[in-house]
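Summary of structural features
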Amino acid sequence: MQVVYHLGAHCTDDDKLFRCLLKNKGELAGIGTMVSGPGRYRRVLREATNALKGQPASAELQEDLLAAVMDEDHAERLVFSNEQFICAARSALSDNQIYPQMSEKVQWIRNLFPEADTEFHIAIANPATFIPDLFARCREEEDFAGFLAGVTPADLRWSDTLAAIRAALPEARLVAWCNEDTPLIWPDILRDMAAMPATMPIAGENDFLATIMSDEGVQRMESYLATHPIKTSQQRQRVVTAFLDKYARPEAVEVEMDLPGWNEATVEALTALYIEDLERIRMIEGITFIEP
């Protein structure tokens, strides 16, 4: 059995990926991939993880978990998604790291089904936008300085976070992508996560684009695609790029910064460091890095 855990990250998805997979639940079941609504598994897996604290689940507990999270008698591949798998948003940045708990928590999660082939999927994001988005999510924080206590943004590296997963569980498959690329590679992410054949249609394939593109743009793009069949991911990416250039919603793609000490120079500096970090990520042994 294969078990896939989509870890988020926070502020990168808002369950869009999993909602799309749920639209394809019946078709996915036909290829052995099981997806269930978050209400079926999030509390159950959280409670089991916290109770085990890293110890491998017994065969009896695994059977109980499977009975709780799925209706089918058998599945070749289970897909779970929860941006809280590792921690709450307020704990995502500490000890001058992004998800310092990652190494321990992925081992805890893997041991829910210790004999299964485990995969971890995660979107990363430019700290220049990830940090402000996290701060907006953590409403209990009174001020930005308090939120960043003990954290120097220029020191944060996603490569450290991903390397921690590889070091903790070298046998587990690790899949990552840049959140900024999601509009272009959305079908590729879905297919990889659910093990969908390249020829299998995806219901809701354009749902993500509908959140950042005008209704007119989505309609025109879908009409174009209906009369110009796409044969490769690269072809689709070129089409999506062209329509986004013309029909993207400004409020969806423009980032407003209204934080003390956070200005255009900050964004440029962090973005440059992020681009450098992507090169380190591509060199991590065993990582599947989805990109245009």
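Structural data are supplied above this passage.
Structure report, in brief. (Residues numbered from 1 in each chain as written. Predicted model: local features only at pLDDT ≥ 70, side-chain atom pairs only at ≥ 80, totals over all residues. Heavy atoms only, no water.)

1. A look at the nonpolar core
The biggest cluster of nonpolar side chains holds 99 residues, and the ones touching the most others in it are Tyr5, Leu7, Phe80, Tyr99, Phe120, Trp158 and Leu162. Among the elements that line this core, the one with the most residues is helix α9 (residues 182-194), at 7 residues. Setting aside its immediate chain neighbours within four residues, Tyr99 contacts Ala9, His10, Ile86, Cys87, Ala92, Phe130, Trp158 and Thr161. (Core = buried A, V, L, I, M, F, W, Y, C linked by side-chain atoms within 4.5 Å. Buried < 20%, exposed > 50% of the residue type's maximum accessible area, 1.4 Å probe, protein only. Helix = DSSP H or I, 4+ residues; strand = E, 2+ residues; numbered from the N terminus. Contact = heavy atoms within 4.5 Å.)

2. A look at unusual backbone geometry
Backbone torsion omega between Gly8 and Ala9 reads 5°, so that peptide bond is classified as cis. Mapped onto the elements of the fold, Ala9 is located in the loop between β1 (2-6) and α1 (16-23). The backbone of Cys11 shows a phi angle near 65°, a positive value even though the residue is not glycine. Structurally, Cys11 can be placed in the loop between β1 and α1.

3. Looking at the packing of helix α8 (residues 158-168) against helix α14 (residues 264-282)
Each packed pair of helices is defined by two parameters, the angle between the axes and the distance between the axes. At a minimum axis separation of 8 Å, α8 and α14 run at an interaxial angle of 25°. Here α14 runs roughly parallel to α8, going by the angle between their axes. Residue-level inspection shows Trp158, Ser159 and Leu162 of α8 in contact with α14, the latter providing Tyr274, Asp277, Arg280 and Ile281. (Axes fitted to C-alpha atoms, helices over the stretch in contact; angles between N-to-C directions. Parallel < 35°, antiparallel > 145°, perpendicular 65-115°, else oblique.)

4. Regarding the sheet that holds strand β3 (residues 77-81)
An order of β2-β3-β1-β6-β7-β8 is seen for the 6 strands of this open sheet, with the pairing classed as parallel. Two strands lie at the open edges of the sheet, namely β2 (33-35) and β8 (287-290), each paired on one side alone. Sheet twist, expressed as the mean angle between neighbouring strand axes with direction ignored, is 20°. Taken together, the 4 bridges between strand β7 (residues 173-178) and β8 define a ladder with parallel strand orientation. Paired with Ala176 across the strands is Phe289, a residue of β8. Along the sheet, α9 makes contact with β1, β2, β3, β6 (117-124), β7 and β8, crossing β7 at roughly 165°. (Pairing = 2+ DSSP bridges.)

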